[in-house]
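Here are the chains, one letter per residue:
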Amino acid sequence: MKISYNELNTNYFDGKLPPPDTLAEALTFHAWEIEGVEQVGDDTVLDVKVLPDKSAWALSHRGIAKDLSVILNIPLTKDPLRETPVLEPMASDVAVSVETETCTRYTAAYIRGVKIGESPEWLRAFLTSMGQRSINNVVDLTNYVMFGIGQPLHAFDAQKLSNNGGFKITVRNAHAGEHITTLTGEDYELTDEDALIVDGGTDTSIGIAGIKGGKVAEVDEDTVDIILESANFDPVKVRKTSQRLKLRTDASQRFENGVVRDMAGFGVTAGARFIVNYCGGEIIGYADTNPAHVPKTDVSLPLQKLNSVLGLSLTMDEVAAIIERFGYAYTVADDILTVTPPVERPDLVIPEDLIEEIGRVHGYEHVPSITIEPIPLREVNARFYYGEKVRDMLTVLGFSEIYTSSFRDTDEVKLKNALASDKGYLRSSSGMQKNMREALALNAPNADLFGAEQIRVFEIGTVFEATGERLMLTLGVTSKAGFSQKKDQKVLDAACTALKEVFGDVVCVGNEGVVQLDLEALIETLPKPATYTAHELSSEVAYKPFSAYPYMTRDVAFWVTKQSAEALATDHVPTEQAIQNIVKDAAGLNVTRIDMFDRFEKEGRVSYGFRIVFQSYEKTLESAVADQYMQSVYDALKAQGFEVR
């Protein structure tokens, strides 16, 4: 929310505010985030980040002014919400009909004899600071009220509406396929989920409820009479329409965050008064569909609870002094503070809301920092305990743990509000198996990069089925060329045998390289763990970033006499490691790994075979580059007297 320093200082504090930087610091240290301070002409604009829980009252200059008044303990000299508005006289020639739940209140003012023209300099300067362009005095004043108290307004040219013994405004749902052209000339096709403001006499659309006005009743230089709208609309329905139409406005932003219903009365009276003062004309009367005041529920807060949550020792007198700075009506009895929230504060509902307000005004810097005393472990989580047992066992067998998505494009349990079209279901046990097969297929081509003949992975995770949730263990093994019954099944069988040491006579269910166990059921049959010793990671374990670029492999094989090979060995470096170091040093900086895949002796010589994996962290390597690296390897081997095969 952009906040004009000049507007605050002039119209709310009579020039008594400290400099803009001081305001920014004060807001920052009392739970606001300042995203920027910018000089705009002769004004300074503070960009205040307003979170959703405060949007109903803080997306306005009045809201920020009120909070600064409390924080700085400087009273507001002018408060547009100080007096309850009175919508009198009622306009006999304006009738409003609401036929949709989207609209919770609709007020209107009928003003005759206005003169459309250029806005005064102060108003144009204010709108510039808000990032808005000036249109004409009537429209600019409606925007001024919205930025001032947070209530969107809209002015219709009354002469462009039908008048059969009086004007009629209707708020209804749109018809499927109905179109409207907005003020800026865009045409939108609506659904029956959208709400419209229409000319009740002709059923002509004149505005999209809570979002934008229509071209039909636009205020222009020929306008003389206007109907000023100040309404309240359902935040969810406004947001859905705004998102579907991809049409977001300052008005829709405020309605989406929940403008207080009572603000409609404040908005229509303020807007009508400004228009008459600066544009001339006469207020003929008002219309109001739901004038009943929304009652506020008192919030009670025991002093003991306040101090317990904040970790302070505030007295009731200190607390009452803070509440008085807010200007809230309150009572105190038996060390219990009872507050009646003002009309503009729908966010004050529970004691914790009051605790937040008192705490941030008192200053979080006064909350002492206390080190929590460690509490000895009294109970070990069985899922975690046996899960760690499984992890230890499988990693020893060469398995790596993976985490796959809990969402599938189709499965048993459907989500009500899916994040995406391909994530509409929660995974079942079969879905978890499909995830495992996908992971194996994706990783198999990278076996050389991992320096493995097989991909061995497992996942411990929750599955969701019609009967409930369960903790499952899924294992997968595949060779580079695909599942091998002879090689890969032996690894799975060995893993299942090892798991029996923990869980007893387990049954591994699955086929083609993927097996699954119901850990939930197995853990329930095991004794409850009494103690647990955390693992200490080896000091050699460290994070290493991976490259996003593809790798390539090259093989090299060569003969070495036994005498030459043995001469390379030292007390600390065995023969094969010494030979591998020669290959690695010659291969260059883009070597990711080197693995010996072959060794045999014949007629006094030893044949070695190494697989070299090349991969860059900066770019995709070309085959010609790898060939250059390999030529360096060949030259280094020949320099040692080795015979490249």
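Caption draft 1: Representation of the sheet that holds strand 28 (residues 605-614) in the model. With antiparallel pairing, the four strands of this open sheet are ordered in space as 27-28-26-29. Each having just a single partner strand, strand 27 (591-602) and strand 29 (643-644) make up the two edges of the open sheet. Taken together, the ten bridges between strand 26 (residues 552-561) and strand 28 define a ladder with antiparallel strand orientation. Bridging from a neighbouring strand, Met552 pairs with Phe614 of strand 28. Of the strands in this sheet, strand 26, strand 28 and strand 29 are in contact with helix 20 (residues 623-639), which crosses strand 26 at around 10 degrees.

Caption draft 2: Summary view of helix 16 (residues 488-503). The end-to-end C-alpha distance of helix 16 is 23 Å, a good match for the 22 Å that 16 residues give at a rise of 1.5 Å each. Taken as a whole, helix 16 has its buried residues at Asp488, Gln489, Val491, Leu492, Ala495, Cys496, Ala498, Leu499 and Phe503. Following helix 16 by one or two positions, Gly504 has its phi on the positive side, about 85 degrees.

Caption draft 3: Region of the structure containing the packing of helix 6 (residues 137-149) against helix 9 (residues 263-279). Running from N to C, helix 6 and helix 9 cross one another at 140 degrees; their axes reach a closest spacing of 9 Å. Taken together, the axis directions place helix 6 and helix 9 in an arrangement best described as oblique. The hand of the helix 6/helix 9 crossing is right-handed. In contact with Asn137, Val138, Leu141, Tyr144, Val145 and Ile149 of helix 6, helix 9 contributes Met263, Phe266, Gly267, Ala270, Gly271, Phe274, Ile275, Tyr278 and Cys279. Each residue belonging to the contact of helix 6 with helix 9 can be placed in one class, and the counts come to twelve nonpolar, three polar and no charged.

Caption draft 4: Examining the sheet that holds strand 2 (residues 33-40) more closely. With antiparallel pairing, the three strands of this open sheet are ordered in space as 1-3-2. The strands lining the two open edges of the sheet, one partner per strand, are strand 1 (2-4) and strand 2. Each neighbouring strand pair of the sheet contributes to a mean axis angle of 25 degrees, computed without reference to strand direction. Pairing geometry for strand 2 and strand 3 (residues 43-49), over seven bridges, is antiparallel. When the sheet's bridge partners are listed, Glu38 is paired in strand 3 with Val45. Where helix 5 (residues 121-129) meets the sheet, it contacts strand 1, strand 2 and strand 3, and its direction lies at approximately 145 degrees from that of strand 1.

Caption draft 5: Region of interest: the state of the cysteines. In this structure the tally under the stated criterion is one disulfide. Two residues, Cys496 and Cys508, share a disulfide whose sulfurs are 2.1 Å apart. For the disulfide bridge between Cys496 and Cys508, the dihedral angle about the S-S bond is near -130 degrees, and by the sign convention the bridge is left-handed. In this pair, Cys496 sits in helix 16 while Cys508 sits in the loop between helix 16 and strand 24 (509-511), placing the two residues twelve residues apart along the sequence. Residue class for Cys508 comes out partly exposed when judged on its relative accessible area of 23%.

Caption draft 6: Focus on the packing of aromatic side chains. Using the criterion set out here, one finds 17 aromatic pairs in the structure. With centroids separated by 5.4 Å and ring planes inclined at 70 degrees, the aromatic side chains of Tyr110 and Phe167 adopt a geometry described as edge-to-face. Residue Tyr110 is found in strand 5 (residues 103-112), and its partner Phe167 is found in strand 7 (residues 167-173); the two are separated by 57 residues along the sequence. Comparing Tyr110 with Phe167 shows no difference in burial state: the two are buried. One aromatic cluster is present, built from ring pairs that chain together Trp122, Phe126, Tyr144, Phe147, Phe274 and Tyr278. Between Arg273 and the ring centre of Phe274, over which it is positioned, the NZ or CZ distance is 5.8 Å.

Caption draft 7: Quick peek at the side chain of Arg62. Looking at the element boundaries, Arg62 is found in helix 4 (residues 61-72). One polar contact links Arg62 to Glu344, side chain to side chain, over a distance of 3.0 Å. Ignoring anything within four residues of it in the chain, the contact list for Arg62 reads Tyr12, Asp79, Pro80, Leu81, Gly148, Ile149 and Glu344.

Caption draft 8: How the structure looks around the pairing of strand 13 (residues 226-233). Buried residues dominate strand 13, accounting for eight of its eight residues. Alternating positions in strand 13 separate into two faces, Ile226, Leu228, Ser230 and Asn232 on one and Ile227, Glu229, Ala231 and Phe233 on the other, with burial throughout. In terms of strand pairing, strand 5 meets strand 13 through eight bridges, oriented antiparallel. Directly across from Tyr110, in strand 13, lies its bridge partner Ile227.

Parameters and conventions
- Residues numbered from 1 in each chain as written.
- Predicted model: local features only at pLDDT ≥ 70, side-chain atom pairs only at ≥ 80, totals over all residues.
- Heavy atoms only, no water.
- Pairing = 2+ DSSP bridges.
- Helix = DSSP H or I, 4+ residues; strand = E, 2+ residues; numbered from the N terminus.
- Contact = heavy atoms within 4.5 Å.
- Axes fitted to C-alpha atoms, helices over the stretch in contact; angles between N-to-C directions.
- Expected span 1.5 Å × (residues − 1).
- Buried < 20%, exposed > 50% of the residue type's maximum accessible area, 1.4 Å probe, protein only.
- Parallel < 35°, antiparallel > 145°, perpendicular 65-115°, else oblique.
- Left-handed = near helix turned anticlockwise from the far one by under 90°.
- Nonpolar A, V, L, I, M, F, W, Y, C, P; charged D, E, K, R; others polar.
- Disulfide = S-S within 2.5 Å.
- Phe/Tyr/Trp six-rings, centres within 6.5 Å; stacked < 30°, edge-to-face > 60°.
- Lys NZ or Arg CZ within 6 Å of the ring centre and 35° of its normal.
- Polar contact = N/O pair within 3.5 Å; in protein donor to acceptor, adjacent residues only side chain to side chain.

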